[in-house]
Structure formats: C-alpha cells, structure tokens
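Here are the chains, one letter per residue:
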Amino acid sequence: MESGNPIIEITGLEKRFGPNTVLKGVDLSVSKGQVVCLIGPSGSGKSTLLRCINLLETPDAGTICFQGQDVTQMPPGPLHAKIGMVFQQFNLFGNLNALDNCVLGQMKVLKRSRSKSEEIAQKYLERVGMLPYRDARPDQLSGGQKQRVAIARALSMDPEVLMFDEPTSALDPEMVDEVLSVIKTLKDGGLTMLIVTHEMAFARDAADRIVFMDAGQLVEDGRPEALFTHPENPRTRAFLSRSLRGQGIGTP
Amino acid sequence: MPTTFFGWIHLLLEEYGSLFLQGAGTTMFIAVVGTTAGFAIGLLVAILRTIPLKPSTPHWQQRLVQGLKTVLSVYIEVFRGTPMIVQAMVVYYGALQYLRLDIPALSAAFLVVSVNTGAYMAEIVRGGILSVDKGQKEAATAVGLTHWQSMTSVILPQAVRSILPAVGNEFVVNIKDSSVLNVISVTEVYFMSKSAAGTYLKYFEVFFITAVIYFVLTFTTTRLLRLIEKKMSGKDSYTIYGSQSDPNAQIVFTREDR
Ligand SMILES: Nc1ncnc2c1ncn2[C@@H]1O[C@H](COP(=O)(O)OP(=O)(O)O)[C@@H](O)[C@H]1O
Ligand SMILES: [Mg+2]
C-alpha cells in the first residue's frame, strides 16, 4: 500500500503499561495525503498508537519518524503543531471561547500575532460551520459543535497530519453526521489523516486505506473495498461481521 | 476615672482610637500582602510540582526536578506543621543573630505570613488542579504548549475558579492569625491593644474593643468575598463548594461531558 515518501513511518513500536504490553511491535507507514482509518475492538491499542505518535505516551521500543525525523528527537512545540489531534472527549479549553481555543496555540507555539491568529481561526471556524459561535464558551455548545471547534483548533496550527481518536463516539447519534461530513471535506483538501473510528460506513467511504488492529498488533491492512468484502484474516472477518451487522451494512 | 463599662469604652476609644485604627490598618495590610503573595507562591509551587517527567528527559534534568519537588514538599510540610507564631520567632531572631540582619518587624511579618500562606495555598491549588479534567492538559500538550504555558493559560484559570472560596478563607484566617505577630512587635491591632491595655490595666474593656474590630474586619471581608465568588462562578456550571463564606455552599460538582 505504501507509495511515495512516507510522512509517518513507524517500525517495531512497543508500549507497555506495567506488566501489560499494549503495542506489540507495530509497523505502519502513511504516505502524504493518505486517509487511514484504524479499526479494531476496544482495548486493542488504537488510542495508545495515536498517543505514541504525538508523544502523549512515551514508546518503550521502536521508532516513529515524522518526515524522516525521529519524533523523540524533535522539539515538542513544532512536533505538536505539525501533528494535530482531535479527542473523543473534545477537550476544548474550558476557560476560553471558541475563537480563543483556536487562537491560543497559534500565538504561543507558532508565535503568530493576535490579529493573524484570529484571522486564521475565523477561517477554520467558518470551514467547520462554527463561525457564528466564535464567542461561545465550550459549556454553551452541543457535543457536535464542540467537536467541530476542536477540529478548527487543530487545523489552525496548519498541521501536516491530523489524528482523530474516535471523534464521534461521545456524540449523540444525530450529531455524528455533522462531524463526519466536516472530516470528509478535509480529505478533499488533501490533508493526511489517521482516524480511529467505529463508524464503518464512514471508514468505507472516506478512507484510502483501512488498518485493522487487534491485541496490540496490526492484523490486516488494505483498501476499504478489499478489506470489507474479502477480509483475509479470520480475526478481521469476525470483527467485521460483528460491527457491520450492528451498523446495517452488508456482511462480507 | 469612669466607673462603668461603657464609660471605660468611651474613654479608651477617645484616648486610643487612632491607635486601634492604625493597628487595624496594619492588620489588613499584612493580610492583603500575605494572602496575595502567598497565593502567588502557591500557584508557582503548583506549577513546579506538576512538571512532567518523561523517561526521555535528560538524566541531570530529572534529578534537578526531583530535587526541587522534594524541597517543595519539605517546605509545605514544615510550614503547615509548625505554628506561625513559632515561625515568626525563628525567622526574626534567626536573621538577627545569625545573619546580622535587623529586619524591620513589618517586613518580617510580610515574609512570614506570605511563606506560611504559600504552603497552604500550594495544597489548595493542587486540589484545584486535580478538579480540572486531565484531558485539558493533554489537549494543551497536543497543541504544542509547554508545561508552563498550559498551566498558566489553560489549567490554572480553571483551577482558580474552583478554589476561590478556599483562597478567600485564607484571607480571613490571615486577618485573625496575623495577631500572633505581636511577638515580634509588629504594630498590628493585637499589639496595639496590649499597649493600650497596659496603661489603665483595663484588659477586658480593651480586648472587647479589639474583638469588635476583628469581627468587623472579617465580617466585611467575608461579605465582599461572597460577592466576588458569585461574580466569578459565572453561570450555574458548578456550585461553589467548601466555602466558609457562603452558608449555602455544598459539595456538588457537575461536570460536562461525563
Ligand atoms: N495510561 C494507561 N495506563 C495503563 N493502562 C492503559 C493506559 N492507557 C491504556 N491502557 C491499556 O492499554 C490497552 C489499550 O488501550 P487503548 O489504546 O485505549 O485501546 P483502544 O483505543 O483500542 O480501545 C487497554 O487494555 C488499556 O486498559
Ligand atoms: Mg481508544
């Protein structure tokens, strides 16, 4: 699947929490502009994998390279500016309104002026349809609105890669689509994305590539049509038939 | 000489009124400076004590930060574990005898009350930080903010909102407890009262007045703090808890998204 220069290249990644080995030698390479959806049962290590990439967790073994550079050797500020993250629980800064949520990182990390930061923040709030709420505090917004602001906050840093950790899992069902459609528009913009999701229909439509993860290992990796229709590994098959049935999409 | 209680009160007020006022002024001055500086110390200590240590940070840096955290823990334990009246004596006479420093009593008072309050504030702020969802720190890190930046721009502003009542309580405590500074001759209201009482040996009458002064100071302060708390707590996103200045305060904490 890998083609061209990988923007992210992970080799032999291991992560332990105490006696519990959560990532057991993960190899993954993502090309620029690719949209990769990461699926798998809960507890399989998907979040931990994302969190190792931007060093919210420290890997125990293996290397993670971003544009050819070992992430553990990169200064944290620039690294985080280039690899954005959108959380399941949104994690909007509770003391700041929507606009300032998008402005803070730009000013502190990228050293942009306030007016420049606001201009960029407004551009992205507009893009996710949240500009009318620029002055709203997080506690005045619905879940879907919060997540859209969180996406604008990440975009405001001009990331090369955007990672999503189950961006719709904490949302009421009627708000899932507003967030997913925003993510789809980013794909059209050519942004590299790494998305952990349980939304199989979305993964099928939006991903260039699906990676199935189980028990700390990447089990299968392929184009969505191939992986959804002819999963090779029995574990993938079992997982897919469970989740596709639940979401009303034909079983393979 | 007056023969009644009110007669004496009247005479003492006439003769020592300005002394009482001066003392009350000094008391409030010490309480304001000590609480403000103590609050600043508490915030700083909390930032330092929460510095994250990753296996990837250089060894010498880890040792340095560990050492610093130990020193801060000792500071907090010692200053919370000894009476302020003893701290005042040790600081004042220690400086005098061993450093040949004759610190003005008022400066010594500021120092002792600030450092003492700082130890309590550090623990209060720590509690406030624990009440902030840990996703806030993660999001700040994920955006690229340094520890200092995420603490000052994201975590502490939220922590402070929830600890405001406790900070106010420290202020009230300082109004009352600065009285112990009379042992190093700080001319706060208790010291002034002792001097006034000495002349006519009218201890009850003088200290009755002193009690009224303290009560007026703390009562006024509590009402003011309650107003500020109401303003700062914003909408009903959470209820101020553990407040001594609001009898309706309760330990209810409603958090979004959970
Ligand atoms: N900070 C942590 N401390 C200890 N164990 C953890 C921690 N984070 C995750 N784990 C464990 O690692 C495993 C993988 O978790 P996670 O990466 O969150 O899986 P997923 O996102 O696929 O559901 C789980 O068993 C989880 O309990
Ligand atoms: Mg997860």
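Everything below is about the structure printed above this text.
Below you will find a few notes about this structure. Every value quoted in this text rests on a predicted model; they were computed, and no experiment measured them.

## Focus: the packing of helix α3 (residues 98-108) of chain A against helix α5 (residues 143-155) of chain A
Between two packed helices, what matters for the description is the angle formed by their axes and the separation of those axes. Residue and element names in this part refer to chain A. Put simply, α3 and α5 touch, their axes get as near as 8 Å, and they point 25 degrees apart. Relative to α5, the element α3 lies roughly parallel. The element α3 and its partner α5 pack so that their crossing is right-handed. Here Ala 98, Asn 101 and Cys 102 of α3 come into contact with α5, specifically with Val 149, Ala 152 and Arg 153. Looking at side-chain class alone, the contact of α3 with α5 contains four nonpolar, one polar and one charged residues.

## Overview of the sheet that holds strand β5 (residues 69-70) of chain A
Residue and element names in this part refer to chain A. Ordered in space as β2-β1-β4-β5, the four strands form an open sheet in which the pairing is antiparallel. Two strands lie at the open edges of the sheet, namely β2 (20-31) and β5, each paired on one side alone. One ladder, built from two bridges, connects strand β4 (residues 61-66) with β5; its direction is antiparallel. The residue of β5 that forms the bridge with Phe 66 is Gln 69.

## Remarks on the side chain of Gln 87 of chain B
Residues and elements named next belong to chain B. Of note, Gln 87 is situated in helix α3 (residues 84-98). What makes Gln 87 buried here is its relative accessible area of 6%. Filtering out sequence-adjacent residues up to four positions away, Gln 87 remains in contact with Val 78, Phe 79, Thr 82, Val 112 and Asn 116.

Basis of the calculations
Residues numbered from 1 in each chain as written. Chains lettered and ligands numbered in written order. Predicted model: local features only at pLDDT ≥ 70, side-chain atom pairs only at ≥ 80, totals over all residues. Heavy atoms only, no water. Axes fitted to C-alpha atoms, helices over the stretch in contact; angles between N-to-C directions. Helix = DSSP H or I, 4+ residues; strand = E, 2+ residues; numbered from the N terminus. Parallel < 35°, antiparallel > 145°, perpendicular 65-115°, else oblique. Left-handed = near helix turned anticlockwise from the far one by under 90°. Contact = heavy atoms within 4.5 Å. Nonpolar A, V, L, I, M, F, W, Y, C, P; charged D, E, K, R; others polar. Pairing = 2+ DSSP bridges. Buried < 20%, exposed > 50% of the residue type's maximum accessible area, 1.4 Å probe, protein only.

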